[in-house]
Amino acid sequence: MNVSRRTLLAATGATAAISATTLATSAGAARAQSGDTADEPVETVGTVGFDALLQRAETLLTGGAFDPSDADFAAAVAALDATAKGLWETLDRSAGRTALWPDLSPATDPGNFGQSYTRLRTLATAWATPGTSLAGSAEAADTLIAALRFAHDTAYNPAKRETGNWWFWEIGAPRALMDCSVLLRDRLPAADLAAYLAVVDRFCPDADRRTNSPTLAETGANRTDKAVIVALRGLLGQDAAKLASARDALSDVRDSGRNSLFRYTSSGDGFYRDGSFVQHDVVAYTGTYGAVLLGGAACLLSLLADSEWAIADPSVSVMYEAVERSFAPVVFDGLMMDAVRGRAISRERAGDHRDGAAAVAAILLLATGAPAAYADRWRELVKGWLTRNRTTPFASLATLPQLALAKAVLNDRTIHPGPRTTGHFVFADMDRVVHRQARWGCTLSLSSKRISAYEAGNGENLHGWYTGDGMTYLYDGDDLGQFDDGFWPTVDPYRLPGTTVDTRERTDLGTGAGTSTYRPTNAVAGGAVLHDRYGAAAMELIGPAGTSLRTKKSWFLLDNAVIALGAGISSGDGRTVETIVENRNLGRNGTQRLLVDGVRQPAQQGWTQKFGHARWAHVDGVGGYVFADPTDLRALREERTGTWRAINTGADTGGSTDPVTRRYLTLWVDHGVSPAGAGYSYVLLPGASAAATAVWSHSRPVRIVANDTTAQAVEARRQGLTAVNFWGAGTAAGITASGPASVLVQRRGRELNVAVADPSRTLTSLTVELPFPAGRVVAADDTVSLAPGRHPVLTVAVGGSRGHTHTATLS
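Residues numbered from 1 in each chain as written. Predicted model: local features only at pLDDT ≥ 70, side-chain atom pairs only at ≥ 80, totals over all residues. Heavy atoms only, no water.

A.B. asks: Sorry if this is basic, but what is going on with the overall build of the protein chain here?
C.D. replies: Looking only at helices and strands, the protein chain features 17 helices and 37 strands. Dimensions of the protein chain, computed from the C-alpha atoms along their principal axes, are close to 85 × 60 × 50 Å. Residue burial in the protein chain is summarised as follows: out of 811 residues, 63% are buried. Within the protein chain, counting contacts between residues at least 6 apart in sequence, those at least 24 apart form 68% of the total. In the form shown here, the protein chain has an accessible surface area of approximately 27600 Å², with 49% of it arising from carbon and sulfur atoms. Distance between charge centres in the protein chain, computed from 78 positive and 83 negative side chains, equals 5 Å. (Helix = DSSP H or I, 4+ residues; strand = E, 2+ residues; numbered from the N terminus. Buried < 20%, exposed > 50% of the residue type's maximum accessible area, 1.4 Å probe, protein only. Contact = heavy atoms within 4.5 Å. Areas by Shrake-Rupley, 256 points an atom, 1.4 Å probe, with all protein chains shown as cover. Lys, Arg positive; Asp, Glu negative; His and termini not counted. Charge placed at Lys NZ, Arg CZ, Asp CG, Glu CD.)

A.B. asks: Help me understand helix α15 (residues 400-410), please; the structure alone is not making it clear to me.
C.D. replies: The periodicity of an α-helix, 3.6 residues per turn, causes residues three or four places apart in sequence to face the same way. Taken across its 11 residues, α15 has nine buried, putting it largely inside the fold. All of the buried residues in α15 are Leu400, Pro401, Gln402, Leu403, Ala404, Leu405, Ala406, Lys407 and Val409.

A.B. asks: Would you take a moment to explain helix α6 (residues 138-154) for this structure?
C.D. replies: The terminal C-alpha atoms of α6 lie 24 Å apart, and with 17 residues this matches the ideal 24 Å at 1.5 Å per residue to within 8%. In this structure, the buried residues of α6 make contact with α4 (71-90), α5 (110-127), α7 (166-183) and α8 (190-203). The N-capping residue of α6, defined by a side-chain oxygen 3.3 Å from the backbone nitrogen of Glu139, is Ser137. (Expected span 1.5 Å × (residues − 1). Polar contact = N/O pair within 3.5 Å; in protein donor to acceptor, adjacent residues only side chain to side chain.)

A.B. asks: Just checking my understanding: could you explain the side chain of Lys553 for this structure?
C.D. replies: Structurally, Lys553 can be placed in strand β17 (residues 550-557). Asp469 is the oppositely charged side chain nearest to the buried, salt-bridge-free Lys553, at an N-O distance of 8.5 Å. Engagement of the side chain of Lys553 in a polar contact is seen with the side chain of Thr500, the distance being 2.8 Å. Look past the residues within four positions of Lys553 in its chain and what remains in contact with it is Asp469, Gly498, Thr499, Thr500, Ala537, Ala538, Met539, Leu541, Leu565, Tyr680, Gln712 and Trp727. (Salt bridge = Lys/Arg side-chain N within 4 Å of Asp/Glu carboxyl O.)

A.B. asks: Any chance you could explain the nonpolar core here in plain terms?
C.D. replies: Soluble globular proteins: nonpolar side chains tend toward being buried together. Leu123 and Trp488 are the most contacted members of the largest nonpolar core, which totals 170 residues. If one sorts the elements of this core by residue count, α7 sits on top with 12 residues. Apart from the residues lying within four places of it in its own chain, the contact partners of Leu123 are Ala84, Leu87, Trp88, Leu91, Trp101, Leu134 and Leu144. By size, the runner-up hydrophobic cluster in this structure holds 38 residues, among which are Leu444, Phe611, Ala617 and Ala635. (Core = buried A, V, L, I, M, F, W, Y, C linked by side-chain atoms within 4.5 Å.)

A.B. asks: How should I be thinking about the sheet that holds strand β31 (residues 741-748) in this particular structure?
C.D. replies: By definition, the strands of a sheet pair up through backbone hydrogen bonds, in either a parallel or an antiparallel sense. Taken in spatial order, the seven strands make up an open sheet running β26-β27-β28-β31-β32-β37-β34, and their pairing is antiparallel. At either end of the open sheet lies a strand with only one pairing partner, and these are β26 (702-707) and β34 (777-780). Averaged over all pairs of adjacent strands, the angle between strand axes in this sheet comes to 15°, irrespective of strand direction. Pairing analysis gives five bridges linking β26 to strand β27 (residues 711-716), with the strands arranged antiparallel. Bridging across to β27, Asn707 finds its partner in Gln712. (Pairing = 2+ DSSP bridges. Axes fitted to C-alpha atoms, helices over the stretch in contact; angles between N-to-C directions.)

A.B. asks: Looking at this structure, I do not really get the packing of helix α3 (residues 50-62) against helix α11 (residues 286-303). What am I missing?
C.D. replies: Put simply, α3 and α11 touch, their axes get as near as 10 Å, and they point 145° apart. Between α3 and α11 lies a crossing whose hand is right-handed. Of the residues in α11, those touching α3 at Leu53, Arg56, Ala57 and Leu60 are Cys299, Ser302 and Leu303. (Left-handed = near helix turned anticlockwise from the far one by under 90°.)

A.B. asks: Please explain the packing of aromatic side chains as it appears in this structure.
C.D. replies: For any pair of aromatic rings, the description rests on two quantities: the centre-to-centre distance and the angle between the ring planes. Following the criterion strictly, the structure yields 29 aromatic pairs and no others. With a centroid separation of 6.3 Å and 10° between ring planes, the pair formed by Phe425 and Phe427 is classed as stacked. Residue Phe427 is classed as buried on the basis of its relative accessible area, which comes to 2%. Between Trp465 and Tyr494 the ring centres are 5.1 Å apart and the planes differ by 35°, which places this aromatic pair in the tilted class. You can see Trp465 sitting in the loop between β11 (454-457) and β12 (471-476) and its partner Tyr494 sitting in the loop between α16 (487-490) and β13 (500-502), a full 29 residues away along the chain. Note on Trp465: relative accessible area 4%, which makes it buried. Here Lys552 stacks its cationic end above the ring of Trp727, 5.7 Å away from the centre of that ring. (Phe/Tyr/Trp six-rings, centres within 6.5 Å; stacked < 30°, edge-to-face > 60°. Lys NZ or Arg CZ within 6 Å of the ring centre and 35° of its normal.)

A.B. asks: Please explain the pattern of salt bridges as it appears in this structure.
C.D. replies: Pairing between side chains of opposite charge can happen when the charged atoms of each approach one another. Across all of its chains, the model carries 43 salt bridges by this definition. One salt bridge in this structure joins Asp103 and Arg119, with 2.9 Å as the shortest N-O distance. With Asp103 in the loop between α4 and α5 and Arg119 in helix α5, this residue pair connects regions lying 16 residues apart in the sequence. Judged by its relative accessible area of 52%, Asp103 falls in the exposed class. We note a salt bridge from Arg588 to Asp485, for which the minimum N-O separation is 4.0 Å. Linking Arg588 in the loop between β19 (576-587) and β20 (594-596) with Asp485 in the loop between β12 and α16, this pair joins segments that are 103 residues apart in sequence. Taking relative accessible area as the criterion, Arg588 reaches 52% and is therefore assigned exposed.

This is how it looks when you write it as structure tokens:
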């Protein structure tokens, strides 16, 4: 799949939602058209016929009827019109043209004709939308029909052979072409329509297989995209077999559901039971491909409802469960966390708020046909996201169809805004950890031999080297622009928060055609969760070729703190090694106050300082940083200028060369040149005041009891909690483990609550000896057994558990 997915679909509303009212009205009208009247022919044996479903498909693209006096709708129409005007004015309509737009020449290049179809869809949508300058124009319709004919004859027809990126041939171009055909169907000559159906039959005959590689089964979002294309082709050609093929592709009844989208997978692409979503076999991709899959499934569910081809597979509940299991934890007040957006972080026109809006739209569309028990919860969840996000309001990002559903929810007084998602989530199957509190969230982007550290290619994500090396994303409800406001083109890519790196110069990634991933060789990445509230996470860092850097990193995530530990930091390459405590985007003009040990530091740009024995620091509007031991802390204020083009040169998603300037405040620990056995220990206190940070530094409510290459451990005395990451067999904080493990133990009165995981996935069985007496099991997973006594021993069958947590309550 190509880089253009989010840009192409989000920009045109191809996966957009329609209101429940509009959908119901459309379905009602369809029943009348499809044979409820005795003297009219019946188009299908189902309730809804081809014509009605085509009208529904058009509504999915345009939004249907709306109130033009509503300011939000008027703004959305104006935005569509402005885009369409720009395309209309630059469209080459001359008789001897060689391309439709000068910047998309030659027209025969797959990226160019793919984007040409996308632009034509935008124009067609404007033509079909009341209130735009092109609405209903005969000239515009005739021009569009001629342009489609030119693209077909010149570049995209059945006689052509696939070259370059397959995605344009099999998904990008045919989807836009079918959408244009739906919008223009009443004016499109029959011969033209037949030609366009033929080209789709050539390059996207079904959703099951990759056309240019028939032995390759389509999976995940690619499969959903193709199913929508096949469905639209079936409607336009009144081909019942094609519609059945599109419907069945979601369940894949032809190969016993092996590639069904309505099932949990245990490898490769798709949704996993723990909430993970993976695409391209090894990339955490909930935020882009996952949202596309959800939107595509929702589109087909709505499009085919009440027809002969309605989706009736009860396993569609996998899609319903994904909303709260996969998406809610990684959506923060409407934005999509960058840790699950893959190479899309480098796309100027697809930031975290825009990808979040796409997920919101998909959820709202899915709610139109989901059981009330699901839909009611989702609408409350979405209303909370929409009302809290004042940084980038949904209306500023939404297409007309998306806006219709959102307004329906916002204007419904019976729907109450849901609170922020809270809890600790270990997405073991995609090496991500998310910790959510009422006012803040912290996400860890890990990697291993199972999940890639980054994906790059087609000119995208050129500087993503360290994004999977334990990058720590801190989200604050009062600062929703942290990673969306010019962060990626301006941040120092060698100093991403939470990472430990050597300072060697790196070359750009992904400059060639196609996409590629990098998986490190470490086994440990993941952790355990207790009570859905506390977490222990670990990652062994083994540097790629060109560096001998090694370290063991741990995070312990509590109610109001994140404790970060590093041990065994070693490198023999003659270069400086650093651990980045923070690298905060202060915006265009930020001068947020920095305190170090209570002393205010200068605010001018270019200021830097070394603090030989720092104990704590505080950044206004962000929170506190406490160091377990006096630390050699470095600090820097700088103004950084970059361009989106420097990190994304993609043919269709490449950023502009306009300079972007942002201010940063960076805190880091310098481990020196070629360190041997170095370490670090610091605590993040998100949202804490300077006074609270100073008190925390003095009182030390969480004690670090081990930080070496055997184990890293903390004790939170007030909570009665001990948490340990073992790197092998060993003892720490009175707990003994027989191998690598994440262990959390909490004493509550006469009960012990224990959580254990094997983040290495190398063991079949693990024993854990506890320092507290226990005589019986109150409750436990069936993988856990107890040998009671003064030092009870738990035996945990971790083999095959995929790094997931095992729990027990002992008395």
